[in-house]
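Each chain, written out:
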Amino acid sequence: MRLTKSEFMKGRKCHQRVVHGRDGILSKHDESIMMDELSDNGHIIHYLFRKLWQRTPVGVSLEQLVDEAPASSHEVRLSASGFEARADMIHVDARRIQLLEVKSEKYPTDKEGNAVELFNTHGGVSSDFAELIVDVTYQALILEEMLASMPTKHVAPRAVQYMLALLHPRYATRASVLRQTFDVSNGVVHHSKEPRTTDILRMFRYLDVTEAVRMMMPIIEAERREMLRKIDQQEPPELSSKCKSCEYRTTIYGEEPNGFLGCWQELTFSSPHILEVPNVHLVKIDGEDAVSVLAGRGKASVADLPTEQLKPGYNNIQQRVIRGLLSGEEQQEPELVQLLANCAAPHAFIDVEAFSGPLSLWPGGYPYEVSAFQWSCHTLDSDGVLSHREWLHEGPEHPAATFLTSMYDVLGSAGTVYIWSGYERTAVSHALKAASRLQQEVSPETRAWANAFINDENPNVVDMLALAQRYYVHPGAKGSNSIKKVLDAIWKQHHVRFLPQFEQYYEKIDGFVKSPYDTLPVDYGSARLATIRDGTQAMVAYQDMLYGKGREHADVRDSLRHALLEYCKLDTAAMVIIHQAWLARREES
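Residues numbered from 1 in each chain as written. Predicted model: local features only at pLDDT ≥ 70, side-chain atom pairs only at ≥ 80, totals over all residues. Heavy atoms only, no water.

Asks: I'm lost on the environment of K106 in this one. Help?
Replies: Inspection of the secondary structure puts K106 in strand β4 (residues 96-106). Residues K106 and R205 lie 99 residues apart in sequence; the distance between their C-alpha atoms is 9.0 Å. Aside from chain neighbours lying at most four places away, what touches K106 is L166, L167, P169, P367 and Y368. (Helix = DSSP H or I, 4+ residues; strand = E, 2+ residues; numbered from the N terminus. Contact = heavy atoms within 4.5 Å.)

Asks: Sorry, what's going on with the pattern of salt bridges here?
Replies: Here the idea is simple: oppositely charged side chains can pair when their charged atoms come close. If you walk through the whole model with that rule in mind, you get 28 salt bridges. The salt bridge involving R225 is made with E221; its shortest N-O contact spans 2.4 Å. Placement of the pair is R225 and E221 together in helix α8 (residues 210-232), with a separation of four residues, close to one helical turn. According to the relative accessible area criterion, E221 is partly exposed, its value standing at 23%. If you follow the salt bridges from partner to partner, you end up with K5, E101, K103 and D135 in one network. (Salt bridge = Lys/Arg side-chain N within 4 Å of Asp/Glu carboxyl O. Buried < 20%, exposed > 50% of the residue type's maximum accessible area, 1.4 Å probe, protein only.)

Asks: Got a minute to help me understand the packing of aromatic side chains in this structure?
Replies: Aromatic ring pairs are reported here in terms of the distance separating the ring centres and the angle at which the planes meet. For the structure on display, the rule yields 16 aromatic pairs. A ring pair is formed by Y408 and W449, whose centres lie 6.3 Å apart and whose planes are at 55 degrees; its orientation type is tilted. In this pair, Y408 sits in helix α13 (residues 400-411) while W449 sits in helix α15 (residues 444-453), placing the two residues 41 residues apart along the sequence. The exposure class of W449 is buried, given its relative accessible area of 12%. The cationic tip of R437 hangs over the ring face of Y366; the distance from NZ or CZ to the ring centre is 3.6 Å. (Phe/Tyr/Trp six-rings, centres within 6.5 Å; stacked < 30°, edge-to-face > 60°. Lys NZ or Arg CZ within 6 Å of the ring centre and 35° of its normal.)

Asks: Help me out: how do you make sense of the environment of G82 in this one?
Replies: Tracing the backbone shows G82 in the loop between β2 (71-80) and β3 (83-92). What makes G82 partly exposed here is its relative accessible area of 22%. The spatial distance from the C-alpha of G82 to the C-alpha of Y567 is 48 Å, given a sequence separation of 485 residues.

Asks: Can you walk me through helix α18 (residues 535-547) in this structure?
Replies: Each α-helix winds once per 3.6 residues, and so residues spaced three or four apart point in a common direction. Here α18 contains 13 residues, and its C-alpha end-to-end distance of 18 Å stays within 8% of the 18 Å for a straight helix at 1.5 Å per residue. Counting buried residues along α18, twelve of its 13 residues qualify, which places the element largely inside the surrounding structure. Regarding α18, the residues found buried are T536, Q537, A538, M539, V540, A541, Y542, Q543, D544, M545, L546 and Y547. Regarding α18, its N-cap is D534, as a side-chain oxygen of that residue lies 3.1 Å from the backbone nitrogen of T536 further along. (Expected span 1.5 Å × (residues − 1). Polar contact = N/O pair within 3.5 Å; in protein donor to acceptor, adjacent residues only side chain to side chain.)

Asks: What should I look at first to understand the pairing of strand β6 (residues 182-185) in this one?
Replies: When a strand is regular, its side chains alternate between the sheet's two faces. On β6, burial follows the alternation: F182 and V184 on one face are buried, whereas D183 and S185 on the facing-out side are not. Judged from the four bridges that link them, β6 and strand β7 (residues 188-191) form a sheet pairing that is antiparallel. Residue pairing in the sheet places S185 in a bridge with V188 of β7. (Pairing = 2+ DSSP bridges.)

Asks: So what exactly am I meant to see when it comes to the packing of helix α5 (residues 130-148) against α8 here?
Replies: Each packed pair of helices is defined by two parameters, the angle between the axes and the distance between the axes. Two elements in contact, α5 and α8, have axes whose closest approach is 8 Å; the angle formed by their N-to-C orientations is 80 degrees. Accordingly, the angle class assigned to the pair α5 and α8 is roughly perpendicular. Two secondary-structure elements touch here, α5 through I133, V134, V136, T137, Y138, A140, L141, I142, E144 and E145 and α8 through A212, V213, R214, M216, M217, I220, E221, R224 and R225. (Axes fitted to C-alpha atoms, helices over the stretch in contact; angles between N-to-C directions. Parallel < 35°, antiparallel > 145°, perpendicular 65-115°, else oblique.)

Asks: Would you explain the packing of helix α14 (residues 423-437) against α15 in this entry?
Replies: At their nearest, the axes of α14 and α15 sit 9 Å apart, and the two run at 140 degrees to each other. Taken as axis vectors, α14 and α15 run oblique relative to one another. Here the hand of the crossing between α14 and α15 comes out left-handed. Residue-level inspection shows E424, R425, V428, L432 and S436 of α14 in contact with α15, the latter providing R447, A450, N451 and F453. (Left-handed = near helix turned anticlockwise from the far one by under 90°.)

Printed below as a string of C-alpha cells:
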C-alpha cells in the first residue's frame, strides 16, 4: 500500500475520502471552477518561485543531492515505507539539509495586518499555520526515514531544516506578473511576459518551521500509519458530523457510484436528515458526537436528535431549524417583522463582486486583497417603488477609488443598507486601504461614509444573513442560510414571485418552478465556463471579459458583460424578494 501527501491531507477527516478518490467517484470538486482556480494559482506561484531559482535543476534524487553537495533541486521525490511526497525544493550543503515548501497562500496576518506568530500563547502551533505545518511534517517524516537509511558519513554532520515560503502580505503586484499575464493548461504555465528577478524577489516571505515540525512529528506519524492501516484493511467509513462538509455528499443518484450513498447506505435517505441541522457537531450524546452515536444505532433523522443536548447559545437556532424540518413549515420569529418595520427608507440592497487571488489584476494590488469590480443595488423607496442601479469596472486602473465613489453615490442617502454577510464591508475596507496606498483621490465625504459603513455597530447597515440565522428557517433550504438556498425555498412557495418586478425570473419546467438562478444566461462564449452562479464564476468571467476571449471578440465581451450584470442584479433582487416575504408575515398576522 502507498499513501501520497495529497491523499493524507485529504483523508485526515475520514480515510474513506481517499478510497472514494482512488475509485474515481464523483465529488463536488469535480469540474469546480473554484478548485480549478486554486490549482492554477498554485501552478503560477510555483512557476514564479522557480524563476527565482531558475538555475536549479528539477527532479534530482535525494541520494544524488547528498552525494554531490552543495546541490539543490526542485521537485525532489520522497518515498519510504509506502509514504510518498514531492518536496518543492531541497538544498544540501556541508552544514545542513534544507526542505522548503512553497505555498500560494498569504503569510497569515491579524486584523491590523501584523504577522501572526508561529506559536500561540500556550506554546502550540497557531491555528493559522496548523495545516501548513502538517503538510511539511508529512514530508519531513519521509525525508528523515530516507536519510536514516543512507550511510552515516554522508548525513550525520548535517542538521535538517524545514522552511515555508508564503506570499508576502504586502507584496505589491508588478505589471509583469499580473494574474492576466498567465495562462495554465493541464498544469503547464504559459506567461506572456518575462518578469525581472526584482519583480518577484520580494514576493515571498520565508519562515523556519523546524521546531513546529519536530513538535508535530509524533502526532503525524501516528495519523499516517493509522490511515494507511484503515485503507489497507478496508475499514468501514466513520459516520459523523464531519460528513456534513464532505465533498462526496452530493444528491446525484443514478448509474454512477455515489460516495455519500456508499458510506451512509439506507441512512442516506433519512428525512429530514440529521446533517441538515446547523452546527450539529456541537450536539453531544454522553460527550460523544451525536451524529456518530445515532448512525451507530442505525438512525439519521432529525427526529432522533436528543434536543435536550443542544448546546446553549445555539439552542434557539437549532430548535427552530428542527421544528421547521420536522413540520415542513417555515419558522419565523415575530421579532423579525418588527425589526424590519423599524428600518428607515429608502431601503438599499447591495451586492458586490470582487477579485481576490495571489496575484492582482492591477499593479499595486496585494495578495488576496478583495478588489471590488462590480456592484448591484436595488432600492425600495418609502412608496414601495423599486429601482435598480449597477456598476462594472472596465478600466485599466485599480478600481478602489472608483468603487468607493460609486458606492457612496448610490448608498450615501439610503435610510437603511442591506447586505448578505460581511463581504461588502470587507470589500469597502480593502478599497479604503488600497486607495490610500495607491494615492488615489477619495473625497472626505466618501471616506467618512465608507468608515461608517464598515463599522459593525452601524445600525443603518443590516446583515440579512445574520437575520436569517437568528430569526428564520425554511425547511426547503435544508438547514442552509445561503442566499440562493433561502431564495429558492421562498420562491417556490411565496406569492412574491408573481410581482411584476420579478416576472423575468419565473419559469416552470415539467410543472416545477425553477430556481431564479436557473433562468440566468448560459453559454456566452467563455472558454472556461458556461454559467455564472457564484462569486468565483463571476471572478473568472470578469477576467475572461477583459483579458481572455472577450479582449479579442466583441460578441463574447458583450455576452460576458451582460451575464455578469444579470447575475449581480439577481443577487440584490433575491434580497428584496426575501425581505418582502419576511415582511408579508406582518400582513398574515
